[in-house]
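What follows is each chain in one-letter form.
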Amino acid sequence: MGRRWSFAFLFVIPVSAAAQGVSLQYHPAGGTRVQTISEFRMTAVWFGLPSLPDSTVTESDWRTVRTARIIEMIGDKRKVRITLDSSRSRARTGASPRADVPLPGAQGLALDALVGWKLDIQSATPTQRGADPSLVAALRAGLGGLEFQLADGAVAPGFNWGSPLQFPLGAHLSAGGKLSAAESVRGTATVILDSVTARGSDTLAFLTLSGVLDPKTIVVAGEGGIGTGMVTGRIAAVLVWSSGWNAMVSAATNARFGIKLHLGRAEGPPVDGSVSLSISGRHQVRL
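Analysis parameters
- Position numbers for residues count from 1 along each chain, tracking the sequence in the order it is written.
- Only residues with pLDDT of at least 70 are given local features in this predicted model, and only at 80 or more are side-chain atom pairs given and counted; all residues enter the totals for whole chains, interfaces and linings.
- Water and hydrogen atoms were dropped before computing side-chain values, which therefore reflect all heavy atoms in the structure.
- Working definition: helices are DSSP H or I runs of at least four residues, strands are E runs of at least two. Numbering for both runs from the N terminus.
- Both definitions apply: the radius of gyration is a C-alpha atom measure, and the globule rule equals 2.2 Å times residues to the power 0.38.
- Only protein chains enter the accessibility calculation, which uses a 1.4 Å probe; a residue whose area is less than 20% of its type maximum is buried, one above 50% is exposed, and one in between is partly exposed.
- Calculation of accessible area relied on Shrake-Rupley with a 1.4 Å probe; when residues are assessed, cover is drawn exclusively from the protein chains displayed.
- His residues and chain termini do not enter the charge count, which takes Lys and Arg as positive and Asp and Glu as negative.
- For this purpose, a charge sits on NZ of Lys, CZ of Arg, CG of Asp or CD of Glu.
- Strand pairing follows a simple DSSP-based rule, namely that at least 2 bridges must link the two strands.
- Polar contact is the term for a pair of N or O atoms within 3.5 Å; when the atoms are in protein, one must be able to donate a hydrogen and the other to accept it, and sequence-neighboring residues count only if both atoms are side-chain atoms.

Our focus in this paragraph is the overall build of the protein. From N to C terminus, the protein includes three helices and 13 strands. In summary, the protein has a C-alpha radius of gyration of 20 Å against a globular reference of 19 Å for 287 residues, a match within 12%. Principal-axis analysis of the C-alpha atoms places the extent of the protein at approximately 65 × 40 × 35 Å. Relative to its full complement of 287 residues, the protein shows a buried share of 49%. Accessible area for the protein stands at about 12600 Å²; split by element, carbon and sulfur atoms hold 53% of it. Computed over 28 positive and 20 negative side-chain charges, the separation of the two mean positions in the protein equals 5 Å.

Put into structure tokens, the structure is as follows:
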């Protein structure tokens, strides 16, 4: 089965890119369609939960297939229909067998996003009412499982730019099966153009991203109660973009989070615990 990596991005690179820098712009043609396979692995280490001994480990795998199709060209913006074609998460805690984790609302989820030329998502509206906000956030995070923006102008190898950063943490918590949450976390990223390689009609650009998330308190449910989680974290990614394939051909992300939990319960004392998370992702495009 033929495979390739990432999201429907047009990466415009002049012939003299190595000397003069490259211009990264999102300008796909109308009707462009790209299907993305994403595979995430999350490891969680728990402390202070009444249902688990301290240092218990949960391992989960979440695989999604999403399609992005350009349905309208509006000046330098694009209206993109993004659909979640399939989603499957499996998890195990400690030595227990691996089991499916249901994610209600994943089946048939779709949204219409208005995307600027820097890949800035200016709006994202689900096509059906009552869509799960955590899954909507995961669906719109098509750039290696993240949201960030391209540079304002041409950049040469070795140069970097800053960008807002967003990561759909709530969806990953829910897919892990132990806690549920809806919110994303945000921060800032530095993106570096490491090098550019021209090969015939194709040009590859190699990028490195590093990001720090702003500390944030999110609403969390689990352990028979509901409360808050104070989140801190960092993200790193490596990406390779191809002008010939008109897409990102490789993406790998790694994120680490710490969450301090306080959960109130109707039965029993409140829960004050914590979890350390490691989330890795691999993303590829299939035509």
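Another aspect to go through is unusual backbone geometry. Within the chain, S55 stands out as a residue other than glycine whose phi angle is a positive 75°. Examined against the element boundaries, S55 turns out to sit in the loop between β1 (33–47) and β2 (56–74). Since its relative accessible area comes to 44%, S55 is described here as partly exposed. For L119, which is not glycine, the phi dihedral falls at a positive 70°.

Next up on the list: the pairing of strand β5 (residues 110–115). Counting buried positions along β5 yields five of six residues, so the element is predominantly enclosed. Two strands pair when backbone bridges link them, and β5 and strand β6 (residues 121–126) are joined in this way by five bridges, in the antiparallel orientation. Each residue of the ladder has a partner; that of L114, found in β6, is S123. Connecting the antiparallel pair β5 and β6 is a turn made up of five residues, with L119 showing a positive phi of about 70°.

Here the focus is the environment of T203. In this fold, T203 is placed in strand β10 (residues 202–222). What makes T203 buried here is its relative accessible area of 9%.

Bringing helix α3 (residues 169–176) into the picture now. The element α3 is extensively covered by neighbouring structure, given that eight of its eight residues are classed as buried. Considered for burial, the residues of α3 that qualify are L169, G170, A171, H172, L173, S174, A175 and G176. Positive phi shows up at G177, right after α3, with a value of about 90°.

Assignment of secondary structure puts H283 in strand β13 (residues 271–286). Residue classification places H283 among the buried positions, given a relative accessible area of 2%. A polar contact is formed between the side chain of H283 and the side chain of S38, at a distance of 2.8 Å.

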